[in-house]
Amino acid sequence: MAEASLSPSDKHTLITRNLQEVLGDDRLRKVLQERDLRLYWGTATTGRPHIGYFVPMTKIADFLHAGCEVTILFADLHAFLDNMKAPWELLKHRTVYYEHIIKAMLKSIGVPLEKLKFVRGTDYQLSREYTLDVYRLSSVVTEHDAKKAGAEVVKQVASALLSGLLYPGLQALDEEYLKVDAQFGGVDQRKIFTFAEENLPSLGYAKRIHLMNPMVPGLAGDKMSSSIEDSKIDLLDTADQIKKKLKKAFCEPGNIETNGVLAFCKNVIFPLLKDEKLVLPRSEQYGGPMLFSNYKELEDAFAKQEAHPGDLKNGVAVYLDRLLQPIRQEFESEEMQTIVLNAYPPPVTVQQKKSK
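Just so it is clear, the model here is predicted, and its values are computed rather than measured.

The rules behind the values
- Residues numbered from 1 in each chain as written.
- Predicted model: local features only at pLDDT ≥ 70, side-chain atom pairs only at ≥ 80, totals over all residues.
- Heavy atoms only, no water.
- Buried < 20%, exposed > 50% of the residue type's maximum accessible area, 1.4 Å probe, protein only.
- Helix = DSSP H or I, 4+ residues; strand = E, 2+ residues; numbered from the N terminus.
- Pairing = 2+ DSSP bridges.
- Right-handed = clockwise from strand over helix to strand, strands pointing away.
- Domains from an automatic or database assignment.
- Contact = heavy atoms within 4.5 Å.
- Buried area = accessible area lost by both parts, 1.4 Å probe.
- Salt bridge = Lys/Arg side-chain N within 4 Å of Asp/Glu carboxyl O.
- Polar contact = N/O pair within 3.5 Å; in protein donor to acceptor, adjacent residues only side chain to side chain.
- Nonpolar A, V, L, I, M, F, W, Y, C, P; charged D, E, K, R; others polar.
- Lys, Arg positive; Asp, Glu negative; His and termini not counted.

Quick look at the pairing of strand 3 (residues 69–75) now. Taking burial as the measure, the seven residues of strand 3 include six buried ones, the bulk of the element. When strand 2 (residues 38–44) meets strand 3, the two strands line up parallel, connected through seven bridges. The residue of strand 3 that forms the bridge with Y40 is T71. One crossover worth recording links strand 2 to the parallel strand 3 by way of helix 3 (residues 54–65), and it is right-handed. As judged from the five bridges shared by strand 3 and strand 4 (residues 116–120), these two strands associate in the parallel manner. Among the inter-strand pairings, F74 is bridged to a residue of strand 4, identified as R120.

This is the structure in structure tokens:
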């Protein structure tokens with residue numbers, strides 16, 4: 001996918017496009033002068049992935065275009081350690097679901113899967129060498145530092161479990177065991193990234209580069225989350241469900257700061273459109289459809305209230321449905337429906353509990 005004509009500077013521009021922060025930019029430039037970058041993105045296999053996952057997927061497409069060697073880690077053990085967000089008995093089923101849905105997402109945005117390496121955490125995190133390194137790391141990290149590192153990512157509870165304190169250390173060690181130059185994640189991972197930079201050298205391992213995406217607001221205006229139903233659109237939602245959820249989305253006229261619909265346009269739609277324009281359908285009575293070549297044009301029009309929230313939502317609904325249609329089709333088979341049901345069984349009702 002890398003263009004033969006891309007210079008190290010061109011690759012750097014593509015790799016860092018739309019990122020909020022880069023830790024180790026000098027090292028990134030040095031690597032690119034010598035060879036292509038090796039990096040990984042990890043996702044804990046907990047709640048059902050939603051449209052917010054298109055944000056990292058879009059950046060992964062950028063990385064591949066820049067010639068990077070990309071590994072996707074399905075962090076199944078992390079999912080269990082994070083306050084048991086994925087119960088042990090469901091872990092394998094959820095990991096299978098994640099593998100299928102993430103691959104379907106990548107295919108829907110035109111990313112060739114043969115350019116990627118897929119790894120499960122439990123494939124190597126239970127090995128003798130890795131386990132020994134967990135103990136070595138725990139001998140030099142304080143409880144305070146481990147808790148602070150996971151504060152933005154690990155679920156915070158009044159009586160914290162020891163498992164949550166192990167989480168940042170495992171994520172740091174993944175950088176060494178996946179043999180990468182860099183780790184990619186959301187800016188909410190920053191404390192874990194700095195924790196890794198501070199502690200890996202104490203084990204004799206190299207400090208890695210860290211690439212951070214902005215946190216995209218959810219449809220309710222806050223962080224998009226699998227656990228907040230109204231804040232996200234599921235990857236298997238129908239066209240009608242997409243419209244219904246977008247209709248309720250927080251999209252205040254002129255507000256370009258806390259606007260999940262606009263943020264999705266910036267971080268997903270425009271990077272994927274390439275030469276195509278974003279069309280916001282609008283009746284002839286109000287001037288007909290609006291066309292935008294880039295995000296800046298859309299943001300300016302929305303800030304000046306030339307583009308109405310209803311028009312923006314209708315335009316995004318059309319494009320979202322286009323993105324999700326091939327994913328829905330892939331999950332129509334009986335086999336795929338069983339995978340979904342095994343990973344996310346319906347909750348047991350009070351009546352069902354009594355009947356037992």
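Here we come to the domain arrangement of the chain. By domain assignment, the chain separates into domain 1 (8–213) and domain 2 (239–342). For domain 1 and domain 2, the distance between their C-alpha centres works out to 28 Å. Every contact between the two is made by 18 residues of domain 1 and, on the other side, 17 residues of domain 2. With both sides pooled, the region where domain 1 packs onto domain 2 buries about 1700 Å², and carbon together with sulfur makes up 74% of that total. One salt bridge in this structure joins E330 and K107, with 3.3 Å as the shortest N-O distance. Counting the contacts that link domain 1 with domain 2 gives two residue pairs in polar contact (both at pLDDT 80 or more). Residue assignment for the side of domain 1 that touches domain 2 shows that the elements contributing at least two residues are helix 3 and helix 5 (88–108). Of the residues that constitute the side of domain 1 that touches domain 2, the class distribution is 10 nonpolar, five polar and three charged.

With that settled, the discussion passes to the side chain of D311. Assignment of secondary structure puts D311 in helix 13 (residues 309–330). With no salt bridge to any partner, buried D311 finds its closest opposite charge in R282, at an N-O distance of 4.8 Å. Setting aside chain neighbours within four positions, we find D311 in contact with L280, P281 and R282.

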